[in-house]
Amino acid sequence: MSANALYTDLSGYYDLMCLDIDYQAQSSSIDRLQQIFGNGGNTHLDLACGTGPHVRHFIDLGYQSNGLDLNQPMLDIAQLRCPEAQFSLQNMSEFKIAEPVDLITCFLYSIHYNDGINKLKQCIASVHSALKSQGVFCFNVVDKHKIDNALFVSHTATQENSVFTFRSGWHYSGTGEQQSLQLSIGKTTGEEAQVWHDEHPMVAVSFDELTALLAPYFEVHIFEHDYEKIVPWGQSSGNAIFSCVKI
Ligand SMILES: C[S@@+](CC[C@H](N)C(=O)[O-])C[C@H]1O[C@@H](n2cnc3c(N)ncnc32)[C@H](O)[C@@H]1O
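Residues numbered from 1 in each chain as written. Predicted model: local features only at pLDDT ≥ 70, side-chain atom pairs only at ≥ 80, totals over all residues. Heavy atoms only, no water.

1. Description of the overall build of the protein
Counting its secondary structure elements, the protein contains 6 helices and 11 strands. Taking 247 residues into account, the globule formula puts the C-alpha radius of gyration at 18 Å, and the protein, at 18 Å, falls close to it. Projecting the C-alpha coordinates of the protein onto the three principal axes gives extents of approximately 60 × 45 × 30 Å. Within the span of the protein, comprising 247 residues, buried residues form 51% of the whole. A total of about 11500 Å² of accessible surface is found on the protein, and carbon and sulfur atoms cover 50% of it. Side-chain charges of the protein comprise 13 positive and 28 negative groups, with the mean position of each set lying 5 Å from the other. (Helix = DSSP H or I, 4+ residues; strand = E, 2+ residues; numbered from the N terminus. Rg over C-alpha atoms; globule rule 2.2 N^0.38 Å. Buried < 20%, exposed > 50% of the residue type's maximum accessible area, 1.4 Å probe, protein only. Areas by Shrake-Rupley, 256 points an atom, 1.4 Å probe, with all protein chains shown as cover. Lys, Arg positive; Asp, Glu negative; His and termini not counted. Charge placed at Lys NZ, Arg CZ, Asp CG, Glu CD.)

2. A few points about the sheet that holds strand β9 (residues 192–203)
Spatial strand order, β6-β7-β8-β9: 4 strands in an open sheet with antiparallel pairing. The open sheet has two edge strands with one neighbour each: β6 (153–159) and β9. Taken over all neighbouring pairs, the strand axes of this sheet differ in orientation by 15° on average, direction set aside. Examined bridge by bridge, β6 and strand β7 (residues 162–172) share 7 bridges and lie antiparallel to one another. Bridging across to β7, V153 finds its partner in S168. (Pairing = 2+ DSSP bridges. Axes fitted to C-alpha atoms, helices over the stretch in contact; angles between N-to-C directions.)

3. Quick notes on the pattern of salt bridges
Enumeration according to the criterion identifies 6 salt bridges in this entry. Its salt-bridge partner being K132, residue D102 comes within 3.8 Å of it at the nearest N-O pair. Highlighted residues: D102 in strand β4 (residues 101–106) and K132 in strand β5 (residues 131–142), separated in sequence by 30 residues. Among the residues examined, D102 registers a relative accessible area of 4% and is labelled buried. Across the pair D226 and K229 runs a salt bridge, and its minimum N-O distance is 3.1 Å. One continuous salt-bridge network, built from bridges that share partners, spans R56, D60 and E84. (Salt bridge = Lys/Arg side-chain N within 4 Å of Asp/Glu carboxyl O.)

4. Considerations on the pairing of β5
Within β5, 9 of the 12 residues are buried, which leaves it mostly tucked inside the rest of the structure. Direction of pairing for β4 relative to β5: parallel, over a ladder of 5 bridges. Residue V101 lies in a different strand from β5, and its bridge partner there is L131. Relative to strand β11 (residues 239–246), β5 runs antiparallel, the two being bridged by 7 bridges. The residue bridging F139 from the neighbouring strand is F242, located in β11.

5. Here's the deal with helix α2 (residues 23–37)
Over its 15 residues, α2 runs 21 Å from end to end, which matches the ideal 21 Å to within 8%, given 1.5 Å per residue. Packed against the buried residues of α2 are α1 (14–17), α3 (53–60), β4, β5, β10 (218–224) and β11. (Expected span 1.5 Å × (residues − 1). Contact = heavy atoms within 4.5 Å.)

6. Considerations on unusual backbone geometry
Note: most peptide bonds trans; most residues except glycine with negative phi. Of note in this structure, E160 is not a glycine but carries a positive phi near 50°. Relative to the assigned elements, E160 resides in the loop between β6 and β7. E160 sits in the exposed class, given a relative accessible area of 76%.

7. A word on the site of the ligand
Neighbouring the ligand are 18 residues; Y23, A48, D69, N71 and N91 lie closest to it. Here an oxygen atom of the ligand sits 2.7 Å away from a polar atom, N or O, in the side chain of Y23. Residue A48 places a main-chain N or O atom 2.7 Å away from a nitrogen atom belonging to the ligand. Look at the ligand: alone it shows 600 Å² of surface, and the protein chains cover 97% of it. (Near = heavy atom within 4 Å. Polar contact = N/O pair within 3.5 Å; in protein donor to acceptor, adjacent residues only side chain to side chain.)

8. Details of the domain arrangement of the protein
Its domain assignment divides the protein into domain 1 (18–143 + 205–246) and domain 2 (145–203). Its C-alpha centre places domain 1 at a distance of 23 Å from the equivalent point of domain 2. Contact with domain 1, which involves 19 residues of that partner, is made by 12 residues of domain 2. With both chains or domains summed, domain 1 and domain 2 bury close to 1300 Å², and 59% of this area falls on carbon and sulfur atoms. Contact with domain 2 buries area across many residues of domain 1, yet H112, Y113 and D143 alone supply 38% of it, more than any other trio. At the junction of domain 1 with domain 2, the criterion picks out 0 salt bridges. (Domains from an automatic or database assignment. Buried area = accessible area lost by both parts, 1.4 Å probe.)

Below is the structure:
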């Protein structure tokens, strides 16, 4: 299957796959970071917004929130979920918006969808240009050196007469600037079983490398990957929330 199959042909299953994600807690947590570090404004853009769950929560929190994504089937679902928002079909590596905003987010490790370090650099520069003064850029990210290739997360969900099993894990060879996200979706309906496998190539980066890429544009704050409380990153965990204030 193509790397985008999950976001095109299987987009109807995406929300089922993400059923155990607390989108409200994630959005509220980033809202708190924006209140602490940001400029007090309420305009927001979500990069790689998918089916728009964060955009929905940010609108409900009082933001004027919009989204962009590379796959139209995901945006079609987002538009139904958030009729008041504008969604644009754009690549986050080289996006442009009409008016700068106060907050830009990128959730669920989607920043890794930048196709290599050069595209990641372009994305960072694009975000910087798209932010107002003291605007904030928040995203979650995984350090390539801390990836455990043996680790997978999985969960099951039932829809109508079918049981779905979703499985995902990171893989990094140990060298270079590419890692992959390995996904599988299993669907069992009565006696019939189907399985889809997706492997998504993604940019691999260490936190030190990423901090250096961000430093010319942002004051960088790193927090533990915890959406319930704001705790400075203790230097050991391999995933974190980056909160970057435009300089
Ligand atoms: C894991 S999903 C995350 C969706 C959403 N942020 C969430 O938390 O549910 C990744 C999304 O990134 C989008 N995507 C992949 N590459 C992209 C790119 N270069 N620019 C913009 N969106 C991209 C995919 O279409 C997909 O909707």
